[in-house]
Amino acid sequence: MNQEKFFYDNKIPKAFAIACIFWGVVGMLLGVIAAFQLAFPILNFSDYFPYLAFGRLRPVHTNAVIFAFVGNGIFTGVYYAVPRLLKTPMWNKALSLIHFWGWQFIIVCAAVTLLLGFTTGKEYAELEWPIDILITLVWVVFGINLFGTIFTRRERHLYVAIWFFIASWVTVAMLHIVNSFEFPVSFMKSYSWYAGVQDALVQWWYGHNAVAFFLTTPYLGLMYYFLPKAADRPVYSYRLSIVHFWSLIFLYIWAGPHHLLYTALPDWAQSLGTAFSIMLILPSWGGMLNGLFTLRGAWDKVREDPVLKFFVVAVTCYGMSTFEGPMLSLKNVNAISHYSDWTVAHVHIGALGWNGFLTFGMMYWLIPRLFDTKLYSKKLASAHFWIGTLGIMLYAIPMYWSAFRSYFMMKAFTPEGQLQYKFIDIVQTVVPFYTIRAIGGTIFLIGVFIMVYNLIKTAKAGKFLASEEANAPVLAKEYVAPANSIWHSLIERRPLLLLVLSLIMVGIGGLVELVPTFLVKSNIPTIASVKPYTPLELQGRDIYIREGCYNCHSQMIRPFRYEVARYGEYSKAGEFVYDHPFQWGSKRTGPDLARIGGKYNNVWHFNHMLSPSSMESATIMPSYPSLYENTIDKASTNSKIHVMRKMGVPYPEGYEAIANQDLEKQANEIVTDLVSTDKHIKISSDKEIIALIAYLQRVGRDIKLEEKTNK
Amino acid sequence: MKFSTYLTHIAGVKIYPIISLLIFVVFFVLVVFWMYRLDKNEIARIENLPFDDQKN
């Protein structure tokens with residue numbers, strides 16, 4: 001047979017590996033800072049500038065870890081493994097370079113814009129529309145390069161790792177596009193196309209599957225390649241990996257609504273999410289066991305080889321979090337975990353254990369090979385392993401503890417039927433846990449620094465192999481199907497069909513979940529007294545979103561006695577029909593704000609935002625002095641109202657032209673009220689704080705009007 | 001215009017869930033069935049694909 005000579009390029013995998021480690025350090029460092037901020041609010045530096053406050057920093061941390069650290073980790077593996085599995089170089093060098101630099105450019109843009117306060121307010125999809133478009137373009141470049149490589153391959157069969165890459169690529173594309181439907185108001189400001197319940201459903205369909213198809217399936221692809229390589233033996237059961245693949249991509253896409261249990265989401269959608277989440281245990285554990293059993297008879301190697309140690313813990317953490325996830329989707333468990341630190345612990349078992357350790361294992365295996373040498377120090381790698389493991393434990397255990405502690409305190413009533421603890425009492429008791437968690441995160445990061453040192457030493461000791469020569473026969477034009485392999489001849493040798501089938505699999509799951517909510521009017525009962533925001537409130541809401549208040553405050557009261565007693569009447573779906581985007585939040589570090597309107601007077605809010613600790617000495621909320629200096633961006637009112645009306649919010653035709661008059665009138669009223677209540681207050685009516693007060697005083701009030709008219 | 005208005009225009013959209021369930025059940029059965037029929041030698045070859053670059 002005709003042997004062809006070709007070269008595997010190592011420059012791009014090396015570049016992605018460096019980027020992965022670099023952004024990993026940055027992302028984790030930001031995480032550590034954010035963790036310490038929750039224990040020591042002074043670290044928000046918010047008295048000096050607004051850029052590093054928790055509400056802005058936390059999205060940079062999550063985006064950096066997911067898209068920069070794990071993203072570059074995926075690409076490292078893909079650009080290394082795919083050419084070798086297909087016996088051909090990557091299809092186009094220019095596209096590889098565009099992909100690499102484009103992705104790094106997006107990361108830099110993301111970090112800068114998020115800190116500056118440009119955000120859509122939707123978790124893990126915070127980036128504004130120009131960056132969303134950039135992501136789409138770079139993702140398409142990656143796809144073209146990936147499929148170009150697949151079409152010019154010299155190996156007929158697509159190894160299972162490549163299936164995972166294909167499915168991840170197409171699903172992430174779909175999720176990103178659907179969730180990013182937004183209406184631009186200006187350059188760097190847009191409103192989500194969806195509102196309220198629908199926005200929530202789309203967001204968590206996206207959010208859940210970002211975990212599935214960005215943090216999980218591509219990393220399973222890496223597992224199926226690098227684990228056998230490191231163990232020097234094929235995967236335990238290739239058959240199992242086939243079932244693992246199809247069942248996982250089929251089930252995952254349906255599970256999104258489990259993020260919205262007990263919320264105002266329709267019941268059937270909640271049950272659907274739970275049912276599919278429970279089923280997910282099977283493929284997930286199938287995959288985990290497939291990984292662990294690959295080491296059967298080779299456990300002695302695990303004792304020696306730090307790479308395998310990392311892989312074993314990574315796969316175990318995968319198993320743990322994919323067991324925990326379905327458990328969290330049970331309504332009675334979710335009642336405890338939702339909005340609590342439990343969720344934070346859960347995602348960090350996944351992020352630190354599964355993604356982190358799998359990446360570290362891959363790097364310890366890959367870097368010595370790229371530099372044609374041995375790892376500088378196995379001892380240091382083992383030390384990193386133990387330090388990292390300790391870091392995960394010290395991170396997770398305090399979070400679990402804090403979650404249960406706050407749950408029991410939240411629901412405690414006195415014999416007289418009053419809530420036993422104020423919210424601030426609960427905050428006070430969990431702050432020490434936040435400190436321990438931050439120390440855990442720091443220890444994990446120290447481990448990463450040890451790895452960086454070890455890998456730099458390794459690289460210096462060796463010589464970089466820019467490319468590796470290989471030989472393979474040309475792919476025979478005549479296809480001869482192997483025995484009994486109808487499946488193979490139908491699908492697995494046809495990458496495009498595989499792509500389309502994967503898309504259909506995830507597409508139908510998404511459609512069935514999303515369409516009925518958009519479709520059936522009865523799913524979202526309208527409430528007559530719910531009215532659009534006034535121009536001033538709308539501006540205030542945008543400030544609320546900009547400062548990332550949703551990172552700590554939910555706006556969704558669940559129908560539990562202890563929540564209703566604490567926060568007020570539980571939330572109804574119809575209350576959010578004009579909320580572009582929804583602001584339900586996913587974590588309560590501070591109290592829920594769904595009924596904050598009218599709870600305190602304007603002066604309370606005025607003083608509280610300026611200095612939260614002057615109102616509540618134990619608070620961990622940052623101060624927002626910049627709101628008292630910045631003026632409301634009145635020039636944007638016109639286009640904001642216009643865009644809202646385009647999306648169906650019933651502002652009268654032509655209202656945008658006169659909206660600022662109403663805005664100024666309402667602002668003056670608030671200032672008059674402030675000054676008459678407290679003579680020491682001096683503020684002009686065009687400051688941002690006035691808009692924010694207007695918004696906060698509005699939240700959750702419409703339904704109270706309904707009650708009044710009914711009485 | 002609200003996004004939902006576009007979707008209300010799909011005729012017979014209620015049958016979508018039933019069809020999708022059927023598609024998935026059939027697809028699953030087929031995957032499992034064909035997986036068992038796969039040739040042992042072929043499996044042995046493809047599960048060793050990650051090691052091909054070492055042989056060169």
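For clarity, every value in this text was computed on a predicted model and none was experimentally measured.

S.K.: Let's hear about the overall build of chain B: which residues, and what values?
M.R.: If you tally the helices and strands in chain B, you get four helices and zero strands. Counting from the amino terminus, helix and strand elements in chain B follow one another as α-α-α-α. Residue burial in chain B is summarised as follows: out of 56 residues, 34% are buried. Counting every atom, chain B has about 3700 Å² of accessible surface; 69% of that belongs to carbon and sulfur.

S.K.: I'd like to hear about the nonpolar core, residue by residue, with values.
M.R.: Residue and element names in this part refer to chain A. Trp103, Trp246 and Phe360 are the most contacted members of the largest nonpolar core, which has 201 residues in total. The element that contributes the greatest number of residues to this core is helix H6 (residues 196-231), accounting for 22 residues. Ranked by size, the runner-up nonpolar core spans 46 residues in total, among them Tyr624, Val671, Ile690 and Ala694.

S.K.: Break down the domain arrangement of chain A for me, with residues and values.
M.R.: Residues and elements named next belong to chain A. The domain architecture assigned to chain A consists of domain 1 (1-157), domain 2 (295-477) and domain 3 (535-710). Computed from C-alpha coordinates alone, the two centres of domain 2 and domain 3 are separated by 38 Å. A combined buried area of about 1800 Å² lies between domain 2 and domain 3, and 65% of that area is made up of carbon and sulfur atoms. A salt bridge links Lys587 to Asp341; the shortest N-O distance between them is 3.2 Å. Across the contact surface, domain 2 and domain 3 share five residue pairs in polar contact (both at pLDDT 80 or more). Looking at the side of domain 2 that touches domain 3, the elements with two or more residues in it are helix H12 (331-337), helix H13 (341-370), helix H14 (378-410) and helix H15 (423-461). With seven residues, the top contributor of residues to the side of domain 2 that touches domain 3 is H15.

S.K.: How would you summarise the side chain of His244 of chain A if you had to cite specific residues and measurements?
M.R.: Residue and element names in this part refer to chain A. Considering the arrangement of structural elements, one finds His244 in helix H7 (residues 238-252). In this structure His244 comes out as buried when scored by relative accessible area, which is 2%. A polar contact is formed between the side chain of His244 and the side chain of Tyr224, at a distance of 2.8 Å. Contact partners of His244, with chain neighbours within four places excluded, come to Phe164, Leu220, Tyr224, Pro283, Gly287 and Tyr318.

S.K.: I'd like a description of the packing of helix H11 (residues 306-328) of chain A against H14 of chain A, backed by residues and values.
M.R.: Residue and element names in this part refer to chain A. At their nearest, the axes of H11 and H14 sit 9 Å apart, and the two run at 20 degrees to each other. Judged by the angle between their axes, H11 and H14 are roughly parallel. H14 is crossed by H11, and the crossing has left-handed handedness. On H14, the residues touching Pro306, Lys309, Phe310, Val313 and Glu324 of H11 are Lys378, Ala381, Ser382, His384, Phe385 and Tyr400. Its residues assigned to classes, the contact of H11 with H14 comprises six nonpolar, two polar and three charged.

S.K.: How would you explain the packing of aromatic side chains if you had to name every residue and give the values?
M.R.: All names here are of chain A. Tallied over the full model, the rule gives 66 aromatic pairs over all chains. Here Phe75 and Phe142 contribute two aromatic rings whose centre-to-centre distance is 5.0 Å and whose plane-to-plane angle is 70 degrees, an arrangement assigned as edge-to-face. Of this pair, Phe75 sits in helix H2 (residues 54-86) while Phe142 is found in helix H4 (residues 129-151), placing the two residues 67 residues apart along the sequence. Grouping residues by exposure puts Phe75 and Phe142 together as buried. Each ring, one from Tyr219 and one from Trp354, has its centre 6.3 Å from the other, and the planes form 65 degrees; the classification is edge-to-face. Here Tyr219, found in helix H6, pairs with Trp354, found in helix H13; they are 135 residues apart in sequence, far enough to count as distant. One aromatic cluster is present, built from ring pairs that chain together Phe16, Phe67, Phe75, Tyr79, Phe100, Trp101, Trp103, Trp139, Phe142 and Phe214. The residue whose ring lies beneath Arg84 is Tyr80, and the NZ or CZ to ring-centre distance is 3.7 Å. Just above the ring of Tyr339 sits the side chain of Arg588; from NZ or CZ to the centre is 4.0 Å.

Conventions we followed
Residues numbered from 1 in each chain as written. Chains lettered and ligands numbered in written order. Predicted model: local features only at pLDDT ≥ 70, side-chain atom pairs only at ≥ 80, totals over all residues. Heavy atoms only, no water. Helix = DSSP H or I, 4+ residues; strand = E, 2+ residues; numbered from the N terminus. Buried < 20%, exposed > 50% of the residue type's maximum accessible area, 1.4 Å probe, protein only. Areas by Shrake-Rupley, 256 points an atom, 1.4 Å probe, with all protein chains shown as cover. Core = buried A, V, L, I, M, F, W, Y, C linked by side-chain atoms within 4.5 Å. Domains from an automatic or database assignment. Buried area = accessible area lost by both parts, 1.4 Å probe. Salt bridge = Lys/Arg side-chain N within 4 Å of Asp/Glu carboxyl O. Polar contact = N/O pair within 3.5 Å; in protein donor to acceptor, adjacent residues only side chain to side chain. Contact = heavy atoms within 4.5 Å. Axes fitted to C-alpha atoms, helices over the stretch in contact; angles between N-to-C directions. Parallel < 35°, antiparallel > 145°, perpendicular 65-115°, else oblique. Left-handed = near helix turned anticlockwise from the far one by under 90°. Nonpolar A, V, L, I, M, F, W, Y, C, P; charged D, E, K, R; others polar. Phe/Tyr/Trp six-rings, centres within 6.5 Å; stacked < 30°, edge-to-face > 60°. Lys NZ or Arg CZ within 6 Å of the ring centre and 35° of its normal.

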